[in-house]
Amino acid sequence: QVRLVAIDWDRNVIFRFMFFAPANLGQRFDEDFRRTAYSFRSISPAEAKAAKPRKLTLYRVRQGDTAGEIARHMPREKYPRERFLILNGWYPDDPLPRGMTVKTIRE
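Here goes a summary of the coordinates provided. Not measured: the values here are computed from a predicted model.

Conventions and cut-offs
- Residues numbered from 1 in each chain as written.
- Predicted model: local features only at pLDDT ≥ 70, side-chain atom pairs only at ≥ 80, totals over all residues.
- Heavy atoms only, no water.
- Helix = DSSP H or I, 4+ residues; strand = E, 2+ residues; numbered from the N terminus.
- Areas by Shrake-Rupley, 256 points an atom, 1.4 Å probe, with all protein chains shown as cover.
- Lys, Arg positive; Asp, Glu negative; His and termini not counted.
- Charge placed at Lys NZ, Arg CZ, Asp CG, Glu CD.
- Buried < 20%, exposed > 50% of the residue type's maximum accessible area, 1.4 Å probe, protein only.
- Arc of directions from axis to C-beta.
- Contact = heavy atoms within 4.5 Å.
- Salt bridge = Lys/Arg side-chain N within 4 Å of Asp/Glu carboxyl O.

### Structural notes on the overall build of the protein
Phase 1: Secondary structure assignment for the protein yields four helices and four strands.
Phase 2: Taken from N to C terminus, the helices and strands of the protein fall in the order β-β-α-α-β-α-α-β.
Phase 3: Counting only C-alpha atoms, the protein reaches 50 × 40 × 20 Å along its principal axes.
Phase 4: Summed over all atoms, the accessible surface of the protein reaches about 8800 Å², with 54% contributed by carbon and sulfur.
Phase 5: Averaging the locations of the 21 positively and 13 negatively charged side chains of the protein gives two centres separated by 6 Å.

In structure tokens, the structure reads:
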């Protein structure tokens, strides 16, 4: 299921978001999608100054690596393993083949 949101920011700017959820779970995430859209705002100069850029890096999977282990080294946020899986287009049960290059996030 897809939820589309458009935020009319000013005369020249419209932000568009697409929220995706598995067909059988769409309603479960409705409130999360709504809270995300309603939380959209400008950041203060202090928030902008405190923001740390993140970089996409590549990592070669080693024998025995798991999505959870690799994600643990990404910046501390909620749901790091899920973020890692989404970043790489994987499902939770997908194997991580040794030697495969994956995307991670670093500060």
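### Thoughts on helix H4 (residues 80-88)
Phase 1: Within the span of H4, buried status applies to Phe84, Leu85 and Asn88. Here the buried residues of H4 occupy an arc of 95 degrees about the axis, which is enough to place them on one side.
Phase 2: As for H4, its buried residues are in contact with helix H3 (67-71) and strand S4 (101-106).
Phase 3: Backbone geometry just after H4 places Gly89 at a positive phi near 70 degrees.

### With respect to unusual backbone geometry
Phase 1: The residue Tyr79 is not glycine, and still its phi comes out positive at about 55 degrees.
Phase 2: Position of Tyr79 relative to the elements: it lies in the loop between H3 and H4.
Phase 3: Judged by relative accessible area, Tyr79 falls into the exposed class, the value being 57%.

### Regarding the environment of Val5
Phase 1: With respect to the helices and strands, Val5 occurs in strand S1 (residues 2-10).
Phase 2: For Val5, a relative accessible area of 22% gives the class partly exposed.
Phase 3: In this view, Val5 contacts Phe15, Arg16, Phe17, Phe19 and Ala37; residues no more than four positions away in its chain are not counted.

### Remarks on the pattern of salt bridges
Phase 1: Scanning all chains against the criterion turns up five salt bridges.
Phase 2: We note a salt bridge from Arg3 to Asp30, for which the minimum N-O separation is 2.7 Å. With Arg3 in strand S1 and Asp30 in helix H1 (residues 30-38), this pair connects stretches of sequence that are 27 residues apart.
Phase 3: Take Arg3: its relative accessible area is 24%, and that puts it in the partly exposed class.
Phase 4: Residue Arg35 is joined to Asp32 by a salt bridge in which the shortest nitrogen-to-oxygen separation is 2.7 Å. With Arg35 and Asp32 both in helix H1 and three residues apart, this pair spans about one turn of that helix.
Phase 5: Under the relative-accessibility criterion, Asp32 is labelled partly exposed at 30%.

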